Amino acid sequence: MRILSIPGSIRRDSHNLKLAREAQRLAPAGLEVAIFGGLAALPHYNEDEESGQPASTVLELRTAIAEADGLLFATPEYNGTIPGVLKNAVDWASRPVDDPVLRNKPAAVIGASTGAFGAVWAQAELRKSLGIAGARVIDAELAVPFADAAFDDQGRLKDPAQREQLRAVVDSLKSAVEERAALARA
Ligand SMILES: Cc1cc2nc3c(=O)[nH]c(=O)nc-3n(C[C@H](O)[C@H](O)[C@H](O)COP(=O)(O)O)c2cc1C
């Protein structure tokens with residue numbers, strides 16, 4: 001089983017990238033977590049480009065999502081919502097409207113911010129957008145507040161409770177993927 005983690009920040013030392021890497025380490029045996037690092041290379045979404053061949057970077061995003069069994073988004077919060085680069089990726093992945101790669105894709109949303117609430121508004125907005133695009137967003141959540149102090153020098157989450165919660169999110173996503181596969185077989 002393969003999960004694609006999409007950090008919503010393109011910052012080199014991103015806390016949300018660290019969360020994605022922590023998910024890689026905490027994943028159970030048999031579950032591969034790949035990290036998508038191509039948000040910065042995506043063009044701005046433009047509906048005019050829907051009729052022709054999309055940019056190669058857009059195809060890479062769509063292929064990576066299509067080939068993943070589930071998605072794990074880790075989003076920061078910018079001014080109370082998700083960063084533009086992440087919304088841009090969601091918009092590309094939500095089209096073409098008749099067969100978007102997000103449709104029916106199990107997805108989990110977690111997030112870290114340097115503020116006191118751990119990007120909970122951004123997470124809620126992302127869950128909304130993903131749901132509108134047709135993804136199956138699961139209930140599991142993890143909010144990491146005060147992210148500047150939440151990781152050690154190796155980029156590990158310091159708080160064992162947060163690590164356990166992240167492990168639980170990954171496990172729930174795995175279960176959602178298995179349930180979807182069982183439904184598809186039935
Ligand atoms: C433009 C901008 C707006 C921000 N707005 C918020 C906000 O509304 N709420 C919040 O908790 N943090 C906010 N922050 C702080 C981010 O949570 C913090 O920079 C975080 O580390 C970004 O995620 P990253 O480490 O994955 O890059 C904002 C940061 C920037 C640059």
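Right, let's walk through the structure included here. What you are looking at is a predicted structure, and each value in this text was computed from that prediction instead of being measured.

1. Concerning unusual backbone geometry
In this model, Arg95 is joined to Pro96 through a cis peptide bond whose omega is 0°. Examined against the element boundaries, Pro96 turns out to sit in the loop between α3 (84-93) and β4 (106-112). For Asn79, which is not glycine, the phi dihedral falls at a positive 50°.

2. Section: the layout of surface pockets
Taken as a whole, the largest pocket spans an internal volume of roughly 160 Å³. A total of four residues in the lining of the largest pocket trace back to one element, the largest contributor, which is helix α5 (residues 160-185). Taken together, the residues of the lining of the largest pocket sort by class into five nonpolar, one polar and three charged.

3. Thoughts on the side chain of Ser5
Note on placement: Ser5 falls in strand β1 (residues 2-7). In contact with Ser5, other than residues within four places in its own chain, are Ala20, Val33, Ala34, Ile35, Phe36 and Leu72.

4. As for the pattern of salt bridges
In the structure shown here, the tally under the stated rule is nine salt bridges. Between Glu50 and Arg62 there is a salt bridge whose closest N-O contact spans 3.4 Å. A residue pair is termed long-range when its members are at least 10 positions apart, and Glu50 in the loop between β2 (32-35) and α2 (56-67) and Arg62 in helix α2 qualify at 12 residues. Residue class for Glu50 comes out partly exposed when judged on its relative accessible area of 23%. Across the pair Glu125 and Lys128 runs a salt bridge whose closest N-O atoms are separated by 3.9 Å.

5. Description of empty space enclosed by the protein
A full pass over the atoms with the stated rule returns one cavity of 30 Å³ or more. Here the largest cavity defines a volume of roughly 40 Å³. Around the largest cavity, the lining residues are Ile6, Leu61, Ile65, Phe73, Leu86, Ala89, Val90, Ala93 and Leu102. Listed by contribution, the elements that provide at least two residues to the lining of the largest cavity are α2 and α3.

6. Concerning the packing of aromatic side chains
Tallying each qualifying case throughout the model produces one aromatic pair. Judged by centre distance (4.7 Å) and plane angle (65°), the ring pair of Tyr45 and Trp92 falls under edge-to-face. Of this pair, Tyr45 sits in the loop between β2 and α2 while Trp92 sits in helix α3, and the two are 47 residues apart along the sequence.

7. A few points about the site of the ligand
Around the ligand, 13 residues are found, and the nearest of them are Ser9, Arg11, Ser14, Asn16 and Asn79. Backbone polar atom of Gly80 to an oxygen atom of the ligand: 2.9 Å apart, as the coordinates give it. Here an oxygen atom of the ligand sits 3.3 Å away from a polar atom, N or O, in the main chain of Thr114. In isolation the ligand offers 620 Å² of accessible surface; the protein chains occlude 70% of this area. Considering only residue class, the shell around the ligand consists of two nonpolar, nine polar and two charged.

Cut-offs and rules
Residues numbered from 1 in each chain as written. Predicted model: local features only at pLDDT ≥ 70, side-chain atom pairs only at ≥ 80, totals over all residues. Heavy atoms only, no water. Helix = DSSP H or I, 4+ residues; strand = E, 2+ residues; numbered from the N terminus. 1 Å grid on protein atoms, 1.4 Å probe; cavity = no way out; pocket = protein on both sides within 12 Å on 5 of 7 lines; lining within 4 Å. Points joined across faces, edges and corners; volume = space filled by probe spheres on them. Nonpolar A, V, L, I, M, F, W, Y, C, P; charged D, E, K, R; others polar. Contact = heavy atoms within 4.5 Å. Salt bridge = Lys/Arg side-chain N within 4 Å of Asp/Glu carboxyl O. Buried < 20%, exposed > 50% of the residue type's maximum accessible area, 1.4 Å probe, protein only. Phe/Tyr/Trp six-rings, centres within 6.5 Å; stacked < 30°, edge-to-face > 60°. Near = heavy atom within 4 Å. Polar contact = N/O pair within 3.5 Å; in protein donor to acceptor, adjacent residues only side chain to side chain. Areas by Shrake-Rupley, 256 points an atom, 1.4 Å probe, with all protein chains shown as cover.

Read these as geometric descriptors, not functional statements.
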